[in-house]
Amino acid sequence: MNTVLWIFQALASVTFMYSGVNKSIFSIRRLVYEKGQTGVENLSLPFVRFIGISEILGAIGLIFPWWLNTSPVLTPVSAFLFAFIMIPAAIIHYQRKEPKNILTNVILFCICIFIGYGRIFL
């Protein structure tokens, strides 16, 4: 089970790191039209940057605390917080009629819940 959790942690971490780096360096126009991150279209640039930096820190939190055994509780906390933000993300994509993005949010939600639960109880 530990191996499965590590695989999901790596997958989620890479996904959120990619998203966070994009939100931290690209314009909203580029994010929406070239990168397909349509959920940020009506947000201010400083808020998008904040989200990006938060995703980068959360992606680090999915891996390093557990791996280094320094405050390992931060790994399930990061996972549960990512799961939490997938809810409004899915709502935004639902309002925009983007079923593919909703499915991505649901899958990421499930992966993050699994990581959080697995790192606490398994």
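Just above sits the structure.
All figures in this text were calculated on a predicted structure; none of them were measured in a lab.

Draft legend 1. A look at the overall build of the protein. From N to C terminus, the protein includes 5 helices and 0 strands. Compactness check: the protein gives a C-alpha radius of gyration of 14 Å against a globular reference of 14 Å for 122 residues, within 12% of the reference. For the C-alpha atoms alone, the extent of the protein along its principal axes is close to 40 × 25 × 20 Å. In the protein, once contacts between residues fewer than 6 apart in sequence are set aside, the share between residues at least 24 apart is 61%. By element, 73% of the accessible surface of the protein is carried by carbon and sulfur atoms, the whole surface being about 7300 Å². Across the protein, the centroid of the 9 positively charged side chains sits 3 Å from that of the 4 negatively charged ones.

Draft legend 2. Highlighting the environment of Pro-99. Looking at the secondary structure, you find Pro-99 in helix H5 (residues 99–121). Exposure remark for Pro-99: the relative accessible area of 61% places this residue in the exposed category.

Draft legend 3. Main features of the side chain of Gln-9. Secondary-structure assignment places Gln-9 in helix H1 (residues 2–25). The contact partners of Gln-9, leaving out residues within four places of it in the chain, are Leu-62, Ile-63, Trp-66, Thr-75, Ile-115 and Arg-119.

Draft legend 4. Main features of a nonpolar patch on the surface. Taken together, the side chains of Met-1, Val-4, Phe-80, Ile-113, Tyr-117, Ile-120, Phe-121 and Leu-122 make up a nonpolar region of the molecular surface, amounting to roughly 790 Å² of accessible area. Here the nonpolar patch takes 4 residues from H5, the largest share from any one element. Secondary-structure assignment places Phe-80 in helix H4 (residues 74–95). By relative accessible area, which is 33% here, Phe-80 ends up partly exposed.

Draft legend 5. View of the nonpolar core. Within the largest apolar cluster, 13 residues are counted, with the highest numbers of intra-cluster contacts made by Ala-12, Phe-16, Leu-62, Phe-82, Cys-112 and Ile-115. Residue assignment for this core shows that the elements contributing at least two residues are H1, helix H3 (45–68), H4 and H5. If near-sequence neighbours (up to four positions away) are discounted, Cys-112 is found in contact with Phe-16, Ala-79, Phe-82 and Ala-83. Formed by 6 residues, the second largest nonpolar core is a distinct cluster that contains Ile-28, Leu-31, Val-40 and Val-48.

Calculation rules
Residues numbered from 1 in each chain as written. Predicted model: local features only at pLDDT ≥ 70, side-chain atom pairs only at ≥ 80, totals over all residues. Heavy atoms only, no water. Helix = DSSP H or I, 4+ residues; strand = E, 2+ residues; numbered from the N terminus. Rg over C-alpha atoms; globule rule 2.2 N^0.38 Å. Contact = heavy atoms within 4.5 Å. Areas by Shrake-Rupley, 256 points an atom, 1.4 Å probe, with all protein chains shown as cover. Lys, Arg positive; Asp, Glu negative; His and termini not counted. Charge placed at Lys NZ, Arg CZ, Asp CG, Glu CD. Buried < 20%, exposed > 50% of the residue type's maximum accessible area, 1.4 Å probe, protein only. Patch = residues over 30% accessible without salt bridge, like charges linked within 9 Å, V, L, I, M, F, W, Y side chains within 5 Å. Salt bridge = Lys/Arg side-chain N within 4 Å of Asp/Glu carboxyl O. Core = buried A, V, L, I, M, F, W, Y, C linked by side-chain atoms within 4.5 Å.

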